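Geometric and topological summary
The primary structure of each chain is shown beneath.
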Amino acid sequence: MNDSQWNATEPDIRTIKNCFDNPIHALSQAETPAFVIRNAYNPNHCRKLIERFEFFGFMKDPHRSEADKRPRIDIGTSLGNLGSNPERFFKHAESTHLLFRFLFDGFDNPVKCIYRNLSALCPGKTVRTASENDGTEYGPAIVRIHYDGQRYKPHIDHVVLRESRSDFSVYRFKHQFAGVLCLQNADESGPGAQSRLHQCLWTPDIQPHIVNETFPIYAKKNSIKYCQVELNPGDLYFFNTQLIHEVPEIVGTQPRVVMAVFIGYSPDDNEVAVWS
């Protein structure tokens, strides 16, 4: 085994529960880089969903791909992109709920798949879509379609530490996670690298290395281990978004397609909130 490797806990809920009495709390403490659940979703339905997205025009037209320069297309509502305008964000989220009522008809519902598996990792907690005090709901999940050249440099995702979304109810949560369900890899011939998770939780001292793009040098100098997550269609994983993480560049004509959520958790809060 490579000394630089930090290994995820997999391949199923039973194994995860055998390793941790309270999996969600263990994830918050970075006791493991990720929980990977293999075949959480029907792989055959993954391909059919991609065909439906293509039929509805949610993806690039392969005959006009040269003219369409978008590196990523979202199906759903992004707090990161729309959160600066709360009114627009919540109106967009409402439309996402309407779309998702029929988008997955005839197939296993991938949103329910993510929530069901997350609930199994959260003993004593209620898992639900995030909402404000008046009941206004956030987006329940988002489909991200990544094209050739798209990548994510070392970063964190956090409504408190990164985005300071203090006007939103999810700001109350101490810990934030992500859930990612693989629907299609960029290379259909085998498993694809979805992310590299570094055994390094964000602190203010780390921020200059992110801004200056020197984190790889810092990680090597300090012998920081990492976990390389590779998934097949239908595989699902959850990780702590305060870990410094990155996503390798997409190469090729076939896009990587995932369904993703963010998750808010605090040990003393009975609710685990999910949004996109």
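Up top is the structure.
1. Quick look at the overall build of the protein chain
For the protein chain, the count of helices and strands is eight helices and 12 strands. Its C-alpha atoms give the protein chain a radius of gyration of 18 Å, near enough to 19 Å, the size a compact globule of 276 residues would have. The principal-axis extent of the C-alpha atoms belonging to the protein chain is close to 45 × 45 × 40 Å. Counting every position in the protein chain, which comprises 276 residues, the buried fraction comes to 52%. In the protein chain, 81% of the contacts between residues at least 6 apart in sequence involve partners at least 24 apart. Accessible surface, the protein chain: about 13,500 Å² in total, of which carbon and sulfur atoms supply 46%. Treating the 30 positive side-chain charges of the protein chain as one cloud and the 33 negative ones as another, the clouds have centres 1 Å apart.

2. Concerning the nonpolar core
Counting 45 residues, the largest nonpolar core has Phe53, Leu118 and Phe238 as the members making the most contacts within it. Once you skip the residues sitting within four places of it in the chain, Leu118 turns out to touch Ile24, Val127, Phe238, Ile263, Val272 and Val274. If you look at the next biggest cluster of nonpolar residues, it comprises 30 residues, including Trp6, Val159, Val180 and Cys227.

3. With respect to helix α5 (residues 86-103)
Over its 18 residues, α5 runs 25 Å from end to end, which matches the ideal 26 Å to within 8%, given 1.5 Å per residue. Along α5, the positions that sit buried rather than exposed are Phe89, Phe90, Ala93, Thr96, Leu99, Phe100 and Leu103.

4. Details of unusual backbone geometry
A cis geometry characterises the amide bond from Glu10 onward to Pro11, with omega recorded as 20°. For Pro11, the position within the fold is in the segment before α1 (13-19). Positive phi, close to 50°, is recorded for Ser223, a residue that is not glycine. Among the structural elements, Ser223 can be located in the loop between α8 (215-221) and β8 (226-231).

5. Overview of the side chain of His158
Relative to the helices and strands, His158 resides in the loop between β5 (152-155) and β6 (175-184). Looking at His158, the relative accessible area reads 3%, which means it is buried. Separated by 3.1 Å, the side chain of His158 and the backbone nitrogen of Val160 make a polar contact. Reaching out from His158, the side chain makes a polar contact with the backbone nitrogen of Leu161 at a distance of 3.2 Å. When near neighbours in sequence (up to four residues on either side) are disregarded, His158 contacts Glu163, Lys174, His175, Gln176 and Gln242.

Rules behind the numbers
- Residues numbered from 1 in each chain as written.
- Predicted model: local features only at pLDDT ≥ 70, side-chain atom pairs only at ≥ 80, totals over all residues.
- Heavy atoms only, no water.
- Helix = DSSP H or I, 4+ residues; strand = E, 2+ residues; numbered from the N terminus.
- Rg over C-alpha atoms; globule rule 2.2 N^0.38 Å.
- Buried < 20%, exposed > 50% of the residue type's maximum accessible area, 1.4 Å probe, protein only.
- Contact = heavy atoms within 4.5 Å.
- Areas by Shrake-Rupley, 256 points an atom, 1.4 Å probe, with all protein chains shown as cover.
- Lys, Arg positive; Asp, Glu negative; His and termini not counted.
- Charge placed at Lys NZ, Arg CZ, Asp CG, Glu CD.
- Core = buried A, V, L, I, M, F, W, Y, C linked by side-chain atoms within 4.5 Å.
- Expected span 1.5 Å × (residues − 1).
- Polar contact = N/O pair within 3.5 Å; in protein donor to acceptor, adjacent residues only side chain to side chain.

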